[in-house]
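Here are the chains, one letter per residue:
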Amino acid sequence: ISERKRAEEALRTSEARLAAGADLAGLAFYEVDFGERAIFIDDRFREVCGVPPEREQGLQALEFWMEHLHPGDRRHVLEGRERLHDGRLYRISIEYRYLHPAHGQKWIQHLGRVSERDATGRAVKSYGVLRDISERKRVEDEMRDLSLRLIKAHEEERALLARELHDDVTQRLAVLAIDIGRAERTAPDGAYAETMRTVREGLARLGEDIHSLAYQLHPSVLEELGLAEALRTECERRGRQSQVDLSIEIDTLPAVIGKDAALCLFRVAQEALNNVARHAGARAASVTLRQMDGGLLLAVHDTGVGFDAESPGKRRSLGLASMRERVRLVNGTLDIESAPGRGTAVIAWVPAEGELSLIHIS
């Protein structure tokens, strides 16, 4: 029986290694046999899910787990489980909230597969691992909360600076231009008058530049006339300032657009157009805004030099990171499609009524 003993020892060693690895990874293991109506769970599963000893007979541990799924996630989790068991999914990977009987709400990461199916493709045996990711979720929530606060503070500072530039600096420049104009008209000789005219025109151009800067910092037209008009105004302004042939197409928009959703898309358009002007070397670009899937889809395309979207480089990284964070915070999506020599497309989708909301962490 030496061969059998060696096989048994190898199996014990393998199981010990698997158990040690699962323990280091913080994994809880289970295996369900629907034919025998039995479930095996390890100690970590009992700990993570809070399964009491009296609920371990038959499939009671499985029923206990289902009973303690968070009501807000139960339907989604059970639908995924059903798709796995009837063969529509090969494996399942899902994160959800779980109401532990002693420790309250937890976040669980769950991976599962089917090891045996019957003739109809229905699951006979399944297994999987769970991990408590509550701490990771708490840190993510804190980072999201910080990002929200930073963006709100940033926008408030931009609005304050824009008001100061518009209401104070541009007004003082206008007064100086009027005074210079008077000096120009009363100048004793032509050379002095010409100098005054040059100064007056320079002040006027400076006032226009400051007004444009104030608009970039805080587009008041966005609040007063809405997203569509703000984008049209931005494209007109960009068209005057650059050699890019810029076109815009806006479909009929929803009657109600969330303030933060509108600001998010406007900032994404601004940053995308900044990249067109600074880096793309494009002759033409387009801005499109339309309704799609209960939200708003913004696309900014250019015919420029493009770049490697997988490795955008330091010059672009901050702008792209800012766009991605803004879109993420209103539960939207952002895609960057580009390749060297093939131009760039920035495509953002956000829920039409998307709003930034601070997270309260308990």
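A brief structural summary. (Residues numbered from 1 in each chain as written. Predicted model: local features only at pLDDT ≥ 70, side-chain atom pairs only at ≥ 80, totals over all residues. Heavy atoms only, no water.)

**Quick notes on the packing of aromatic side chains**
Working step 1: Under the criterion given, the structure shown has three aromatic pairs.
Working step 2: Residues Phe 29 and Phe 40 carry aromatic rings whose centres are separated by 6.2 Å and whose planes lie at 50° to one another, so their mutual orientation is tilted. Residue Phe 29 is located in strand 1 (residues 28-33), and its partner Phe 40 is located in strand 2 (residues 38-41); the two are separated by eleven residues in the primary sequence.
Working step 3: Looking at Lys 137, its charged tip hangs above the ring of Trp 107, at a distance of 4.5 Å from the centre. (Phe/Tyr/Trp six-rings, centres within 6.5 Å; stacked < 30°, edge-to-face > 60°. Helix = DSSP H or I, 4+ residues; strand = E, 2+ residues; numbered from the N terminus. Lys NZ or Arg CZ within 6 Å of the ring centre and 35° of its normal.)

**Remarks on the sheet that holds strand 3 (residues 91-100)**
Working step 1: Within the open sheet, the five strands sit side by side as 2-1-5-4-3. Their pairing is antiparallel. Only two strands of the sheet have a single neighbouring strand rather than two, namely strand 2 and strand 3. On average, adjacent strands in this sheet sit at an angle of 25° to one another, irrespective of strand direction.
Working step 2: One ladder, built from nine bridges, connects strand 4 (residues 104-117) with strand 5 (residues 123-132); its direction is antiparallel. Its bridge partner being in strand 5, Glu 116 is matched across the sheet by Lys 125.
Working step 3: Together, strand 3, strand 4 and strand 5 form the strand contacts of helix 4 (residues 71-85), whose direction differs from that of strand 3 by roughly 150°. (Pairing = 2+ DSSP bridges. Axes fitted to C-alpha atoms, helices over the stretch in contact; angles between N-to-C directions. Contact = heavy atoms within 4.5 Å.)

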